[in-house]
Amino acid sequence: MLTIATGNKAVAAAVKAARPGVVAAYPITPQTEIVEQIAEYVTDGDLESRYIPVESEHSAMAACIGASVTGVRTFTATSSHGLLYMHEMVHWAAGARLPVVMANVNRALGPGWNTWAEHTDAFSQRDTGWLQVFVGTVQEAYDATLMAFKIAEDERVLLPVMVNLDGFSLSHITQALDTVDIGDFLPPCHLPHAIDTENPLGYGPMTGPADYFRFRWDIERSMRDARGVIAEVEGEFCERFGRSYGPTEDYRCEDADVVVVAMGTLGKEAEVAIDRLRDEGIKAGSMRLRWFRPFPDLDLAGRDVVVIDRDYSFGFGGVVAHSIRSKAGVSPYSVIAGLGGQEVTYNDIADFVRDRCPGEETWFGVNDHV
Amino acid sequence: MYEIRIHSRGGQGGVTAAKLLALAAFRDGKYATACPFYGAERRGAPVVSFVRIDGEPIKIYSQIHEPDLVIVLDTSIMDVVDVLQGLKAGGTVLLNSAHPITGCNGASLHVDLTGIALAENLVVAGSPILNTPVLGALAKMGVVTLPSAEQAIREMFADERNVKAARVAYEELKA
Amino acid sequence: MSTIPEEEYIVKCTSACAGCSSSLCLRYVLKAAGPDSVLVVPACCTSVIQGIYPGTAMNVPVYNIAFAAAAACASGMSEAFRALGRKTNVIAYAGDGGTADIGVQALSGALERGTDFLYICYDNEAYGNTGMQRSGATPLGARTTTTPGGKPTAKKDLDRIVEAHNPPYMATACSAYPLDLYKKVKKALSIPGPKFIHILAPCPPGWRYPTEKTVEMGKLAVKTGTWILYEREYGRLTINGPSKTAMRRPAPLEDYIKGQGRFKNLSPEILDRMRQQIERNVQRLAREEAGAC
Ligand SMILES: Cc1ncc(C[n+]2csc(CCOP(=O)(O)OP(=O)(O)O)c2C)c(N)n1
Ligand code: SF4
Ligand SMILES: [Mg+2]
């Protein structure tokens, strides 16, 4: 059905379609609308879920873990400090191989309370074993949330998935949304290691170095397999519903001499900059990085690359820029921009391309090349 | 692309007005986005919302710096905010006011949305509802069509008085 | 109110909603505490009310800290001031969510350790900062954005949790009785060790009543016995004036309920449960004060 919705409402609508058995909910700006909307669905009888209004995010993820290990589909949503407060349980969910799906509305971290978009919250969880996808439109927030359940619950994956959307700029924007009748796109959740009183097992007891090491390798093996599963699920989604997604969204890249790599809404805004640059005769393209874990193979060799990081690893550099450097073997122009919701327009992005200095880093609006 | 900036105070319905406008444009078969910009303040603080309408999908997420149209739902904001900032040459200002306001250059239109809402008894928690009548004014200006404006209102509000208020604003605005 | 000093520690206009009682309470808390005080504030409405960088509406240092961490942060600060030989008042000023829900662990730890500080919970009975979701302190039947059908469970009895730690001083207060609040803060700060004050703070947008009714709402909470004003010094309970009367002759509960949008369409069954709750509470405290428990 074609309508309009905010990014938050789109996520909630996808959750309604996915019919999780348990939803754990805790409010935090700018995510709150998701858990509020789900509360309304449950109260109105539009969604038959057990809704647990927990007392903290640590408990939100712990509740999802307890629910998921019975084999029930689970969902929660958070942002920023909420995500950080649940950090221990974020590791736990992945280590326990539970297909929890979580929406994370990307927001900056205090102090200096700031509720606007930044990706540092998600990146602080990048080594937990969660799959992470970043979306750029309201429609994609809906589609990616639906697909997240299918990918997470695939027996070749059995890892939790985090769907990331930019705080306010996507969570609160109203755009067109086409909701689908999902039919049998999502089969019932089946967890091979679900708790079973007929088959009493110990979950997560003391584990020696050799076994522990093997379990970690298992996670990595599934992460690697997840690439194929993601491609399959995105392929099936396209066949059924007509919208196609991949590890990146490439825009006018084929003959580009310079490619802008960005994530989330900045990655969409970059496309407008690309059109302007093309009008000036600059052969530019953009690549919006969607999947961050597992990190995709990118073909960027032989061109200039401008990476926009809405995050920073202090004492090291932009997280995406360094990922590109090590994974794609290019030395990008690293632009740090948009932290804490800093306004970055397509004109600014076009300037990044015009003024690029490959191999260097700049903080937009604060310093020149260092 | 047609770009609109709406100035209001938190709780006055500027954010909903933006959503309604986007929905009406969408029902006209166009692409539209509506995006509020929230500050950290609580109720009563000035809020801006942005609406973009275009024939093509809209990929811009940043704020509107050079609007074609500025809507001021609460003219008391004009004492603290420069509502004309960045207004395109030839751009329009729509004021919620029974009278023209001096100092608003260019094509300045006014309509008494508050009066219309009060006449229809459209009041929630003590405040008149401005977001549905304003849609009628925008229809008169040709930003959206009147049938789409009415449809959008009906999709979001059950109370028919909202549609009526929009029609009154449509009639009252002298475009 | 002749005893309340004229000095203001909330100096510029704050960013609170019109009719906000919790910002009013803060004003009286600071008047009682005086300039040698530091506020420790977790995420809550007060994070916004204090003003936006680079401004501040406050005339005492305000240390903002993460949502769960007020009592623990205040512990560290208090110990450090004492290590420096200073008597500075360390006052945690937290919402009901930051106290009864996510912050209850840190609060329990600080109370049990005997931290020399004052913890004040201003209770607007929901998560105000994020737009009124339910908290553990939301009362039975109240509609919030995460309990659109009304909260099915009762308000968490935070005071009895605190009481179980046997702090030397604890009290309840209400924004509609500022002089009572002022005196309680004064007294609390004169006693070493952990002190706790729980203030009922009516909130117009959250409770859905017109802004000018804020004082009336607080008074009705007390007069109906929904909120009982008392102090507990070294365990000994004293019920305070307005509640003494209310406990003998409570105003009808409907007077309190009917003016609030959050209690719209309460079922008779819920109303009955609310009455029973009040009754139980009143009896328990009356018996205890009479030494009959
Ligand atoms: C770990 C974490 N989770 C969630 C939030 C979002 N948050 C900020 S304030 C708040 C509610 C505060 O409620 P309460 O303590 O009752 O204070 P009030 O806002 O009502 O004054 C929430 C959920 C946060 N800042 N940090
Ligand atoms: S939401 Fe309630 S407690 Fe918070 S600032 Fe507004 S009136 Fe005060
Ligand atoms: Mg509260």
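Here is what the cut-offs are and how they apply
Residues numbered from 1 in each chain as written. Chains lettered and ligands numbered in written order. Predicted model: local features only at pLDDT ≥ 70, side-chain atom pairs only at ≥ 80, totals over all residues. Heavy atoms only, no water. Helix = DSSP H or I, 4+ residues; strand = E, 2+ residues; numbered from the N terminus. Rg over C-alpha atoms; globule rule 2.2 N^0.38 Å. Buried < 20%, exposed > 50% of the residue type's maximum accessible area, 1.4 Å probe, protein only. Contact = heavy atoms within 4.5 Å. Areas by Shrake-Rupley, 256 points an atom, 1.4 Å probe, with all protein chains shown as cover. Lys, Arg positive; Asp, Glu negative; His and termini not counted. Charge placed at Lys NZ, Arg CZ, Asp CG, Glu CD. Near = heavy atom within 4 Å. Nonpolar A, V, L, I, M, F, W, Y, C, P; charged D, E, K, R; others polar. Salt bridge = Lys/Arg side-chain N within 4 Å of Asp/Glu carboxyl O. Axes fitted to C-alpha atoms, helices over the stretch in contact; angles between N-to-C directions. Parallel < 35°, antiparallel > 145°, perpendicular 65-115°, else oblique. Left-handed = near helix turned anticlockwise from the far one by under 90°. Donors = N, O, S within 2.8 Å, 3.2 Å for Na, K, Ca; no water. Patch = residues over 30% accessible without salt bridge, like charges linked within 9 Å, V, L, I, M, F, W, Y side chains within 5 Å. Phe/Tyr/Trp six-rings, centres within 6.5 Å; stacked < 30°, edge-to-face > 60°. Lys NZ or Arg CZ within 6 Å of the ring centre and 35° of its normal. Pairing = 2+ DSSP bridges. Buried area = accessible area lost by both parts, 1.4 Å probe. Polar contact = N/O pair within 3.5 Å; in protein donor to acceptor, adjacent residues only side chain to side chain.

Moving on, we get to the overall build of chain A. Counting its regular elements, chain A contains eleven helices and 15 strands. At 20 Å, chain A has a C-alpha radius of gyration in line with the 21 Å of a compact globule built from 370 residues. Viewed in the frame of its principal axes, chain A has a C-alpha envelope of about 65 × 50 × 45 Å. Per-residue burial for chain A yields a buried fraction of 62% across its 370 residues. Partitioning the contacts of chain A with sequence separation of at least 6, the portion at a separation of at least 24 is 80%. Roughly 14100 Å² of accessible area belongs to chain A as shown, and the carbon and sulfur atoms make up 52% of that amount. Between the centroid of the 31 positive side chains of chain A and the centroid of its 53 negative side chains there is a distance of 3 Å.

Time to look at the site of ligand 2. The full set close to ligand 2 counts ten residues, and C:Cys17, C:Cys20, C:Cys45, C:Asn124 and C:Cys203 are the nearest of them. Near ligand 2, the surrounding residues are drawn from chains B and C. Only helix H2 (45–49) and helix H8 (204–207) of chain C provide two or more residues apiece to the shell around ligand 2. Here the shell around ligand 2 is built from residues that sort into seven nonpolar, two polar and one charged.

Residue and element names in this part refer to chain C. Throughout the structure, instances matching the rule amount to 55 salt bridges over all chains. The residue Lys31 makes a salt bridge to Glu8 at a minimum N-O spacing of 3.3 Å. Of this pair, Lys31 sits in helix H1 (residues 21–33) while Glu8 sits in the segment before H1, placing them 23 residues apart in sequence. Judged by its relative accessible area of 6%, Lys31 is buried. Taking relative accessible area as the criterion, Glu8 reaches 30% and is therefore assigned partly exposed. Residues Arg160 and Asp157 are paired through a salt bridge, measuring 3.0 Å at the closest nitrogen-oxygen approach.

What follows deals with the packing of helix H1 (residues 14–27) of chain B against helix H3 (residues 133–140) of chain B. Residue and element names in this part refer to chain B. Two numbers describe how H1 lies on H3: the axes approach to 10 Å, and their chain directions differ by 45°. As the angle between them shows, H1 and H3 are arranged oblique. In this structure, H1 crosses over H3, and the sense of that crossing is right-handed. Residue-level contacts link Ala17, Leu20, Leu21 and Ala24 of H1 to Val134, Leu135 and Leu138 of H3. Taken together, the residues of the contact of H1 with H3 break down into seven nonpolar, no polar and no charged.

A few words now on the coordination of the magnesium ion (ligand 3). Geometrically, a metal with four donors at the corners of a regular tetrahedron has ideal angles of 109.5 degrees, and one with six donors at the corners of a regular octahedron has ideal angles of 90 or 180 degrees. All names here are of chain C. Within the protein, the magnesium ion (ligand 3) binds to Asp96 (OD), Asn124 (OD1) and Ala126 (O); these donor distances fall in the range 2.0 to 2.1 Å. Sequence positions of the residues that donate to the magnesium ion (ligand 3) give the spacing D-x27-N-x1-A. An identical accessibility class is assigned to Asn124 and Ala126; each is buried.

With that settled, consider a nonpolar patch on the surface. Residues and elements named next belong to chain A. Taken together, the side chains of Ile195, Leu201 and Tyr203 present a nonpolar region at the surface, about 290 Å² in accessible area. For Leu201, the location among the structural elements is in the loop between strand S8 (174–178) and helix H8 (209–241). Using a relative accessible area of 52% as the deciding quantity, one classes Leu201 as exposed.

Residues and elements named next belong to chain A. For the coordinates displayed, the defined rule picks out 21 aromatic pairs over all chains. Geometrically, the ring pair formed by Phe352 and Phe364 is edge-to-face, given 5.2 Å between the ring centres and 80° between the ring planes. Highlighted residues: Phe352 in helix H11 (residues 346–354) and Phe364 in the segment after strand S15 (361–363), separated in sequence by twelve residues. For Phe352, a relative accessible area of 7% puts it in the buried group. By way of ring pairs, the aromatic residues Phe123, Phe134, Phe292 and Phe295 are connected into one cluster. Looking at Lys150, its charged tip hangs above the ring of Phe185, at a distance of 4.6 Å from the centre. Between Arg214 and the ring centre of Phe215, over which it is positioned, the NZ or CZ distance is 5.7 Å.

Let us look at the sheet that holds strand S13 (residues 304–309) of chain A. All names here are of chain A. Pairing within the open sheet is mixed, and its six strands lie in the order S9-S11-S10-S13-S14-S15. The open sheet terminates on both sides in strands that have one partner only, identified here as strand S9 (248–251) and S15. Neighbour-to-neighbour, the strand axes of the sheet open up by a mean angle of 20°, direction not taken into account. When S9 meets strand S11 (residues 284–289), the two strands line up antiparallel, connected through four bridges. Each residue of the ladder has a partner; that of Glu249, found in S11, is Arg288. Of the strands in this sheet, strand S10 (258–262), S13 and strand S14 (333–336) touch H11, which is tilted by about 140° from S13.

Counting from both sides, the interface comprises 26 residues of chain A and, opposite them, 20 residues of chain B. Taken together, the two surfaces of chain A and chain B that pack against each other cover about 1900 Å², and 63% of this comes from carbon and sulfur. Contact with chain B buries area across many residues of chain A, yet A:Ile4, A:Thr174 and A:Glu343 alone supply 26% of it, more than any other trio. At the surface where chain A touches chain B, the tally comes to one salt bridge. A:Glu271 is the salt-bridge partner of B:Lys59, the closest N and O atoms lying 2.7 Å from each other. Our enumeration of links across chain A and chain B arrives at eight residue pairs in polar contact (both at pLDDT 80 or more). For the side of chain A that touches chain B, the secondary structure elements donating two or more residues are strand S1 (2–6), S8 and helix H9 (264–279) of chain A. Taken together, the residues of the side of chain A that touches chain B sort by class into eleven nonpolar, ten polar and five charged.

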